[in-house]
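Coordinate analysis (summary)
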Amino acid sequence: DQQVKQNSPSLSVQEGRISILNCDYTNSMFDYFLWYKKYPAEGPTFLISISSIKDKNEDGRFTVFLNKSAKHLSLHIVPSQPGDSAVYFCAVNNQAGTALIFGKGTTLSVSS
Amino acid sequence: NAGVTQTPKFQVLKTGQSMTLQCAQDMNHNSMYWYRQDPGMGLRLIYYSASEGTTDKGEVPNGYNVSRLNKREFSLRLESAAPSQTSVYFCASSEGGTNTDTQYFGPGTRLTVL
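All figures in this text were calculated on a predicted structure; none of them were measured in a lab.

Between chain B and chain A, the residue contacts involve 20 residues of the former and 21 residues of the latter. Ranking the residues of chain B by area buried against chain A places Leu 43, Asn 99 and Phe 105 of chain B at the top, with a combined share of 31%. The interface formed by chain B and chain A includes 3 residue pairs in polar contact (both at pLDDT 80 or more). Secondary structure elements with two or more residues in the side of chain B that touches chain A: β4 (31-37), β5 (43-49) and β10 (104-105) of chain B. Here the side of chain B that touches chain A is composed, by residue class, of 10 nonpolar, 9 polar and 1 charged.

Residues and elements named next belong to chain A. Ordered by their spatial adjacency, 5 strands build an open sheet running β1-β3-β8-β7-β6, and the pairing between neighbours is antiparallel. Here the strands that pair on one side only, and so sit at the sheet edges, are β1 (4-5) and β6 (56-59). Inspection of the sheet shows β6 paired to strand β7 (residues 62-67) by 4 bridges, in the antiparallel sense. Bridge pairing in β7 links Asn 57 to Val 64.

Conventions and cut-offs
Residues numbered from 1 in each chain as written. Chains lettered and ligands numbered in written order. Predicted model: local features only at pLDDT ≥ 70, side-chain atom pairs only at ≥ 80, totals over all residues. Heavy atoms only, no water. Contact = heavy atoms within 4.5 Å. Buried area = accessible area lost by both parts, 1.4 Å probe. Polar contact = N/O pair within 3.5 Å; in protein donor to acceptor, adjacent residues only side chain to side chain. Helix = DSSP H or I, 4+ residues; strand = E, 2+ residues; numbered from the N terminus. Nonpolar A, V, L, I, M, F, W, Y, C, P; charged D, E, K, R; others polar. Pairing = 2+ DSSP bridges.

In structure tokens, the structure reads:
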């Protein structure tokens with residue numbers, strides 16, 4: 001039973017446009033959320049995070065939005081670049097802080 | 001500053017063979033983790049070590065053992081490899097101790113069990 005769901009396995013976007021990646025979670029007690037980016041043959045790289053006390057966190061071209069009532073978060077990339085093509089994982093920190101629970105990932109392809 | 005390093009990068013085993021995956025971090029982190037990633041799946045936690053001298057089971061610990069050798073090193077052992085353990089294995093580390101922890105990952109070990 002998945003606690004973190006990324007329902008879109010893939011997303012294709014043109015360079016310069018906005019990419020929106022979505023993530024849903026089941027446990028309303030989760031309070032810290034992260035996005036990781038993964039290139040082939042490499043480990044996941046931390047991208048951006050958000051605490052449940054916020055509804056938005058921004059870092060350059062990347063913005064994460066959190067909707068606690070809907071148990072939904074999204075990652076916006078503006079403008080998208082070909083180098084952003086990767087697998088994006090949504091993750092939540094379990095309440096004990098001892099593990100990350102990952103979604104299955106969304107493969108983003110940005111075409112020039 | 002190498003971050004998290006893992007050896008080997010690739011390994012092929014026959015069913016029943018044993019091996020140890022090595023992981024080291026140079027960030028003075030307290031907590032270390034082992035995950036596996038299967039095709040079309042997210043990463044799943046095998047074992048973790050919240051601090052030097054402690055280890056605990058994660059979501060999928062069966063068939064694995066771990067050793068937290070010191071603060072820097074955390075190894076994962078397969079005593080009798082099975083084809084179901086074919087996967088990519090990632091080690092991670094974090095400062096630990098809070099639920100706002102950020103984990104940092106190594107490059108992975110791709111393991112095939114025939």
